[in-house]
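Here is what each chain is made of, one letter per residue.
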Amino acid sequence: VFDVLIVGGGPAGAAAAIYAARKGIRTGVLAERFGGQVLDTLAIENFVSVKETDGPHFAAALEQHVKSYEVDIMNMQRAAKLVPGKLIEITTAGGAVLKAKSVVLATGARWREINVPGEKEYRNHGVAYCPHCDGPLFKGKRVAVIGGGNSGVEAAIDLAGLVSHVTLIEFGAELRADAVLQRKLHSLRNVTVITSAQTTEIHGDGKKVSGLSYKERNTDALKQVELEGVFVQIGLVPNSEWLKGTLALSRHGEIEVDARGQTSIPGVFAAGDVTTVPYKQIVIAVGEGAKAALSAFDHLIRSDDE
Ligand code: FAD
């Protein structure tokens, strides 16, 4: 029986593991892919105190730090079910049942992909998903933002201050972002908004992005835009499908947590991109992971009656 069982091995899970292990309690980490989204990241320039690193190095450092403590790491195992109780049960996809007095859920999220030719080939070579992370890499260049919801319009506003030109491409006839964001967007001189447009392909020269094609949905005409970067902003999907019906999720599928990382089930805490906490960033996930582990510890010392 674990005192704290952490599900997820990204920045949030790793931080939770370190904080729990340092309390001298029995700590386990169950992760489908230790390292998480960072493994897919090229440059990381905003993790405070580390001026510059890359994803694989950052992930290796996370693992090394966790492994310097007594933590039972169960990598390449997916959690499939959580059953609440005095002892909380986590069942893996392989059918194993793990028991814990407290659980920290840190299963993260994934960017929704547009699934057009060129997207996978040029991921990290011009195709990006996080304007806070990768925006500065496109300083002075031309970029497109795909998606006209709040995140797409925010990204376009953010990028317009850095890059030479932004083309915002929305599939529907109108943008779906809040009116105040749309007003701000339309006030910017270096932004072009194209609606009723379906992105069909991202082009490149074999090494990096050189443009994209879209179909005008009203005329079926195929158009091309030359540019150096494409930000896909059509949604972040929390990895919480396996928890539906078990605990409270927001309408976007994020695990609802309070300021201590407490979920709707006693003894179950959550941290990082899978939760309702805004701004999905490494530095935030790490802080939230630490917080959830401390809350789990607090829960244990208050409920331990053996
Ligand atoms: P994740 O990193 O998503 O980790 C989730 C973990 O849970 C993984 O180990 C996963 O395998 C595991 N998991 C998922 N489901 C299950 C399950 N059912 N059972 C068991 N394990 C499961 N942020 C920055 O601050 N700076 C950047 O420069 C930056 N660049 C980015 C670039 C890219 C391309 C991407 C995709 C993201 C970037 N981000 C960046 C965002 C950052 O990576 C995330 O905010 C951060 O990784 C969130 O950490 P997390 O631990 O909450 O989740």
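Since the model is a prediction, treat every value here as computed from it, not as a measurement.

Caption draft 1: The arrangement of the overall build of the chain in detail. When you go through the chain residue by residue, the secondary structure sums to 6 helices and 19 strands. Relative to its length of 306 residues, the chain is compact, with a C-alpha radius of gyration of 21 Å against a globular reference of 19 Å. Looking at the 306 residues of the chain, the share that counts as buried comes to 42%. Considering only residue pairs separated by 6 or more positions, the chain has 62% of its internal contacts joining residues 24 or more positions apart.

Caption draft 2: Highlighting unusual backbone geometry. Its identity as a non-glycine residue notwithstanding, Asn-115 has a phi of 55 degrees, on the positive side. In this structure, Asn-115 sits in the loop between strand S9 (109-111) and strand S10 (127-128). Even without glycine at this site, Tyr-279 takes up a positive phi of about 70 degrees. By the secondary structure assignment, Tyr-279 is in the loop between strand S19 (268-270) and helix H6 (282-303).

Caption draft 3: Focus on the confidence of the model for the chain. Residues with a pLDDT of 70 or more make up 99% of the chain, whose mean pLDDT is 96. Model confidence for the complex: the whole-complex pTM is 0.89, and ipTM, which rates the interface, is 0.99.

Caption draft 4: Looking closely at the site of the ligand. In the neighbourhood of the ligand, 38 residues make up the surrounding shell, with Gly-10, Gly-36, Gly-108, Cys-133 and Gly-272 lying closest. For the shell around the ligand, the secondary-structure elements that each account for two or more residues are helix H1 (11-21), strand S2 (27-31), S9 and H6. Of the residues assigned to the shell around the ligand, the class counts are 19 nonpolar, 13 polar and 6 charged.

Caption draft 5: Region of the structure containing the sheet that holds strand S13 (residues 191-194). Reading across from one edge, S10-S17-S11-S12-S13 is the order of the 5 strands in this open sheet, with parallel pairing throughout. The outermost strands of the open sheet, each flanked by one partner alone, are S10 and S13. Bridge count for S10 against strand S17 (residues 229-232) is 2 bridges, and the pairing is parallel. Paired with Val-127 across the strands is Val-230, a residue of S17.

Caption draft 6: Representation of the pairing of strand S1 (residues 2-7) in the model. Buried residues dominate S1, accounting for 5 of its 6 residues. Where S1 meets strand S8 (residues 97-105), 5 bridges bridge the pair, whose relative direction is parallel. From the neighbouring strand, Val-7 faces S8, where its bridge partner is Leu-105. Pairing analysis gives 4 bridges linking S1 to S2, with the strands arranged parallel. Its bridge partner being in S2, Val-4 is matched across the sheet by Thr-27. Crossover connection from S1 via H1 to parallel S2: handedness right-handed.

Caption draft 7: Up close: the environment of Phe-58. Structurally, Phe-58 can be placed in helix H2 (residues 55-67). Taking the C-alpha atoms as reference, Phe-58 lies 26 Å from Leu-162; in sequence the two are 104 residues apart. When residues no more than four places from it in sequence are discounted, the contact partners of Phe-58 are Val-38, Ile-44 and Thr-53.

Caption draft 8: Highlighting H1. Most of H1 sits out of view: 11 of its 11 residues are buried. The complete set of buried residues in H1 reads Pro-11, Ala-12, Gly-13, Ala-14, Ala-15, Ala-16, Ala-17, Ile-18, Tyr-19, Ala-20 and Ala-21.

Caption draft 9: Geometry of the nonpolar core. In terms of nonpolar packing, the biggest core is built from 50 residues, with Leu-5, Ala-16, Ile-90, Val-104, Ala-106 and Ala-270 touching the most fellow members. With 9 residues, the single largest contributor to this core is H1. Those residues in contact with Ala-106 that sit more than four places away from it in its chain are Ile-6, Val-7, Gly-8, Gly-10, Ala-12, Gly-13, Ala-16, Ala-270, Ala-271, Gly-272, Val-274 and Gly-289. Grouped together as the second largest cluster of nonpolar side chains are 34 residues, Val-127, Ile-146, Leu-185 and Ile-202 included.

Caption draft 10: Examining the environment of Gly-24 more closely. Of note, Gly-24 is situated in the loop between H1 and S2. The class of Gly-24 is exposed, set by 11 C-beta atoms lying within 10 Å. Between the C-alpha atoms of Gly-24 and Tyr-69, which are 45 residues apart in sequence, the distance is 9.4 Å.

Caption draft 11: Region of interest: the pairing of strand S15 (residues 209-216). Here strand S14 (residues 197-204) runs beside S15; their pairing, made up of 7 bridges, is antiparallel. Bridge assignment links Gly-204 to a residue of S15, and that residue is Val-209. The pairing of S15 with strand S16 (residues 222-226) spans 5 bridges and is classified as antiparallel. By the bridge assignment, Ser-213 is partnered in S16 with Gln-224.

Procedures and definitions
- Residues numbered from 1 in each chain as written.
- Predicted model: local features only at pLDDT ≥ 70, side-chain atom pairs only at ≥ 80, totals over all residues.
- Helix = DSSP H or I, 4+ residues; strand = E, 2+ residues; numbered from the N terminus.
- Rg over C-alpha atoms; globule rule 2.2 N^0.38 Å.
- Buried ≥ 20, exposed ≤ 12 C-beta atoms within 10 Å, placed from the backbone.
- Contact = placed C-beta atoms within 7 Å.
- pLDDT = per-residue confidence, 0-100.
- Near = placed C-beta within 6 Å.
- Nonpolar A, V, L, I, M, F, W, Y, C, P; charged D, E, K, R; others polar.
- Pairing = 2+ DSSP bridges.
- Right-handed = clockwise from strand over helix to strand, strands pointing away.
- Core = buried A, V, L, I, M, F, W, Y, C linked by C-beta atoms within 7 Å.

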